[in-house]
Amino acid sequence: MLHSTLLCFILLYAVGILDVDLCGPSIPRMLRVGKPEVHQCDAGWVPVYADPQQQLAIMSIGFLLEDSDEAVIWRGPKKTALIGQFVSDVAWGELDVLLVDTPPGTSDEHLAVLENLRKHRVDGAVLVTTPQAVSTGDVRREITFCKKTAVKILGIVENMSGFVCPHCSECSNIFSKGGGEELAKLTGSVFLGSVPLDPLLAASLEEGQDFLQAFPDSSTYTAISQIANTLLSSLDA
Amino acid sequence: MTMYFIFIQVCSKSLQERQRQHMARGLPKQKPIAGVKEVIVVASGKGGVGKSTTAVNLALGLMANDQSKSVGLLDADVYGPSVPKLMNLKGNPELTDKNLMRPLVNFGIPCMSMGFLVEEVAPIVWRGLMVMSAIEKLVRQVDWGNLDYLVIDMPPGTGDVQLSITQNIPIAGAVIVSTPQDIALLDARRGAEMFRKVNVPVLGLVQNMSVFQCPKCNHQTHIFGLDGAKELAQTLGVEMLGDIPLHLNIRETSDKGQPVVVSSPDSPEAEAYRRVAAAVVRRLAEHLR
């Protein structure tokens, strides 16, 4: 949920999104691309494009299921095999950035992605947490995982950081606040920024609406843009 | 020619028989956990919807509603074990004379979690097979004693852990937790379908983070949407077990390891969890009939 929410910003770049959350593929729904058929070309599977300019390419198991409500009850080896195909057999074309949306945990999907991307290059990982202790506790393990697998941590994002009441503007820290920033300090990682808990963002993702186009003045937009810019500068560096 | 034909027929029959035996051997047999009367799994499909918080407060709710019942809690989320934090438990389990792990107890609930066996920052970077073996240990090599209910906090998803647990242990019922968002509900639906496929009765849905009331002006905001879970429950033909609001108190008490059902028993949030527990008991009884 956290990863998926934050990936949905369209940059001025050619971006690919690889959704390896095989049990819970949310990207097709969030980007409102429906259930198009995945075609083959000479170079491999053609990704689904979210926009007519073909700036945002997507591959997800959601496109391959007969019924979008179907449960994918697979054990590790099968998941590993499909992820291998997603990496090698999709004709991504020329991309500036390939974003990989992973499920929670540190299991087959994560190992499969890293193993398959090794021969190319993994520039790094962005870790998303909500501020409360049970979340930061899990992300702490993810940080160790990245260190052990020599994946550079590009930074930590604190999602659902504070809720501003639309009625009286009082800010309530429903999921606490600052946990992500603290975690970044504790582990010597970059803190990329916080994204507030915004019902408009949640609703946009439900409807597959482009939040950035619909609400360019919101503070959530500013927060996400800043995170994107910080990330891009660190990639360019 | 005739002899060859018969020979091939006999061969293919015994081949089929061997295949059948092999397949039958491949499927694990369900074995109840010694001393445990009913196993309830708490699942979601999606991560981050409050499954562990619900599992913890459900276990405490079951005990709060009926003090004579003994309830245990198994944290099957090996990758992100939250139970130690939520139940304020730490430390390595001791071993009994029979080489079983002694569960750690708080608020009267014996608990077992991967979190007790590894360091707080250590990731569990395991593939499916190792996870299955770990789950087996967390289930069977624990001295649970006699329990009326064992609540199992499942990890998100519909993969190895879910399959291992549902194939190896007879489950009395599954509680599916979701927020009202479509994206969470989509995964909850997949979760429900998985349980149907493996013949585990779905006791019902819990709609978590349903509404937030501003502490200053009391204005209510449905941050994650309105009533999505209720609609899904209707579509799937399952019951709504309850509705839990988004309240700072739940998160604050969770972070401190003082679950809301025991730390603020008179609060509406605690009451909501106790209602879910009561609904679970009723559904279990209905299902037995």
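Values in this document were obtained by computation on a predicted structure and should not be read as measured data.

A. Region of the structure containing the overall build of chain A. Per the secondary structure count, chain A includes nine helices and eleven strands. Taking 2.2 N^0.38 as the reference for a compact globule, 237 residues should give roughly 18 Å; the C-alpha atoms of chain A span a radius of gyration of 18 Å, in line with that estimate. Over its C-alpha atoms, taken along the principal directions, chain A stretches across nearly 55 × 40 × 40 Å. For chain A, the residues scored as buried account for 57% of the 237 residues in total. Residue pairs in contact within chain A that sit at least 24 positions apart in sequence constitute 71% of those at least 6 positions apart.

B. Focus on the confidence of the model for chain B. Looking at chain B as a whole, its pLDDT mean stands at 88, while 92% of the residues score no less than 70. In the predicted complex, the global pTM is 0.83; the interface-specific ipTM is 0.75.

C. A look at the sheet that holds strand β4 (residues 48-49) of chain A. Residue and element names in this part refer to chain A. If you trace the four strands from one edge of the open sheet to the other, you get β4-β5-β1-β6, paired in mixed fashion. Taken across any chain shown, the strands that pair with only one partner, and hence form the sheet edges, are β4 and β6 (97-101). Two strands pair when backbone bridges link them, and β4 and strand β5 (residues 56-60) are joined in this way by two bridges, in the antiparallel orientation. Following the sheet pairing, V48 is matched in β5 by I58.

D. The nonpolar core, seen in detail. With 88 residues, the main nonpolar core has I152(B) and I165(B) as its most contacted residues. If one sorts the elements of this core by residue count, helix α10 (residues 268-288) of chain B sits on top with eight residues. With near-sequence residues (within four places) excluded, I152(B) lies in contact with V39(B), I40(B), V41(B), V42(B), L74(B), A76(B), I165(B) and I169(B). By size, the runner-up hydrophobic cluster in this structure holds 29 residues, among which are A57(A), L65(A), L82(A) and I83(A).

E. Up close: the environment of E70(A). Relative to the assigned elements, E70(A) resides in the loop between β5 and α3 (76-88). Leave out the neighbours within four places in its chain, and E70(A) touches L65(A), R190(B) and E193(B). Only 3.5 Å separates the side chain of E70(A) from the backbone nitrogen of E66(A), close enough to count as a polar contact.

F. Spotlight on unusual backbone geometry. Residues and elements named next belong to chain A. Even without being glycine, M160 reaches a positive phi, approximately 55°. Structurally, the position occupied by M160 is in the loop between β8 (153-158) and β9 (163-164). Phi angles above zero are rare outside glycine, and S176 is one such case at about 75°. Tracing the backbone through its elements, the reader meets S176 in the loop between β10 (171-172) and α6 (179-187).

G. Focus on α6(A). Residue and element names in this part refer to chain A. Here α6 has its buried residues at G179, G180, L183, A184 and T187. Along the axis of α6, the buried residues cluster in a sector spanning 140°; they form a single face. Summarising the geometry of α6, the exposed residues directed more than 90 degrees from the buried face are E182 and K185. Summarising the contacts, the buried residues of α6 are in contact with β7 (125-129), α5 (133-148), β8 and β11 (191-194). G188 lies just past α6 and shows a positive phi near 70°.

H. Molecular detail of the packing of aromatic side chains. Counting across every chain of the model gives two aromatic pairs over all chains. Measuring from centroid to centroid gives 6.1 Å for W45(A) and F86(A), while their planes differ by 70°, and the two rings are edge-to-face. Linking W45(A) in strand β3 (residues 44-45) with F86(A) in helix α3, this pair joins segments that are 41 residues apart in sequence. Overall, W45(A) belongs to the buried group, its relative accessible area being 14%. Seen in terms of ring centroids, F163(A) and F212(B) are 5.2 Å apart; in terms of plane orientation they differ by 85°. Their pairing is edge-to-face. You can see F163(A) sitting in strand β9 and its partner F212(B) sitting in strand β8 (residues 212-213), one on each of two chains.

I. View of the pattern of salt bridges. All names here are of chain B. Within this structure, the stated rule accounts for 20 salt bridges over all chains. As a salt-bridge pair, K90 and E120 come within 3.8 Å of each other at their nearest N and O atoms. In this pair, K90 sits in the loop between α3 (83-86) and β3 (104-106) while E120 sits in the loop between β4 (109-113) and α4 (128-140), placing the two residues 30 residues apart along the sequence. Its relative accessible area of 48% is what places E120 among the partly exposed residues. Across the pair R102 and E94 runs a salt bridge whose closest N-O atoms are separated by 3.2 Å. Salt bridges sharing partners connect three or more residues here, namely E239, R282, R283 and E286.

Analysis parameters
Residues numbered from 1 in each chain as written. Chains lettered and ligands numbered in written order. Predicted model: local features only at pLDDT ≥ 70, side-chain atom pairs only at ≥ 80, totals over all residues. Heavy atoms only, no water. Helix = DSSP H or I, 4+ residues; strand = E, 2+ residues; numbered from the N terminus. Rg over C-alpha atoms; globule rule 2.2 N^0.38 Å. Buried < 20%, exposed > 50% of the residue type's maximum accessible area, 1.4 Å probe, protein only. Contact = heavy atoms within 4.5 Å. pLDDT = per-residue confidence, 0-100. Pairing = 2+ DSSP bridges. Core = buried A, V, L, I, M, F, W, Y, C linked by side-chain atoms within 4.5 Å. Polar contact = N/O pair within 3.5 Å; in protein donor to acceptor, adjacent residues only side chain to side chain. Arc of directions from axis to C-beta. Phe/Tyr/Trp six-rings, centres within 6.5 Å; stacked < 30°, edge-to-face > 60°. Salt bridge = Lys/Arg side-chain N within 4 Å of Asp/Glu carboxyl O.

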